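One letter stands for each residue in the lines below.
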Amino acid sequence: MATIHFKQTTTATPEQFVAALTDFGPGRSKLFGNSADGYLEVHEQGPDQADVTEGSAGIWERLHYDWSDPNHIVLTTTDSNTWGGRSGHTYTLTQQPNGTTDVDVVVVREGKNLKGRLLGIVVGTVGKGVLVKAFAKTIKAIEARSSGG
């Protein structure tokens, strides 16, 4: 099992970040590169939760999104062709006095089969840099969206 932890600071407010994270419409991949439109399926959505399948490049997962605490958003993997166990994502948002928001990210990847276990090893070692870089792109896209750019 791989647990990856990193932090990013953004000019987006917590509300803007949550709005982007929970926008399951077409074009989601422009914000989240690992969420291709062809995999995206919203099974159920309420005011502070959703059940969504998303993925890309042959890897998909069904996630339960919970943003009932808008400063602590939890995505729990409920099904996947690769991930199982305690897999998921947690975003903790802390607004700073200068108006920026710290986004603390924890990604857990527990492989449920050989492919998942091998990918989990990669993600837990050299893959962290790839995840951090991809999230930096996500932050820039959310900032551009939030500023109307």
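These notes cover the structure that comes with them. (Residues numbered from 1 in each chain as written. Predicted model: local features only at pLDDT ≥ 70, side-chain atom pairs only at ≥ 80, totals over all residues. Heavy atoms only, no water.)

1. Remarks on the overall build of the protein
We apply this condition: Segments assigned H or I by DSSP are reported as helices when at least four residues long, segments assigned E as strands when at least two residues long, and all are numbered from the N terminus. Only C-alpha atoms enter the radius of gyration; for comparison, a globular chain is expected to reach 2.2 Å times N to the power 0.38, where N is the number of residues.
Helices and strands together make up the secondary structure of the protein, namely three helices and seven strands. When its helices and strands are written in sequence order, the protein yields β-α-β-β-β-β-β-β-α-α. Taking 2.2 N^0.38 as the reference for a compact globule, 149 residues should give roughly 15 Å; the C-alpha atoms of the protein span a radius of gyration of 15 Å, in line with that estimate. Seen through its C-alpha atoms, the protein measures out along the principal axes to roughly 45 × 30 × 25 Å.

2. Re the side chain of D51
To keep it simple, the criterion reads: Relative accessibility thresholds used throughout: buried, under 20% of the residue-type maximum; exposed, over 50%; partly exposed, between the two (1.4 Å probe, protein chains only). Contacts are assigned to residue pairs with any non-hydrogen atoms lying within 4.5 Å of each other.
Tracing the chain through its elements places D51 in strand β3 (residues 49–56). Since its relative accessible area comes to 14%, D51 is described here as buried. Among residues more than four places away in sequence, those in contact with D51 are E41, V42, H43, E44, R62, L63 and T78.

3. Some words on unusual backbone geometry
A positive phi is found at A57, a non-glycine position, where the angle reads about 50°. Within the secondary structure, A57 sits in the loop between β3 and β4 (59–66).

4. Brief notes about the pattern of salt bridges
Between side chains of opposite charge, a pair can form when the charged atoms approach closely. As a reminder, the rule being used: The working definition used for a salt bridge is a side-chain nitrogen of Lys or Arg within 4 Å of a carboxyl oxygen of Asp or Glu.
Counted according to the given criterion, the structure contains six salt bridges. Residue E110 pairs with R86 through a salt bridge whose shortest N-O separation is 3.5 Å. Of this pair, E110 sits in the loop between β7 (101–109) and α2 (114–124) while R86 is found in the loop between β5 (72–80) and β6 (88–95), placing the two residues 24 residues apart along the sequence. For E110, a relative accessible area of 23% corresponds to the partly exposed category.

5. Thoughts on the environment of L119
Here L119 shows up in helix α2. Excluding residues within four positions of it along the chain, L119 makes contact with I59, T82 and W83.

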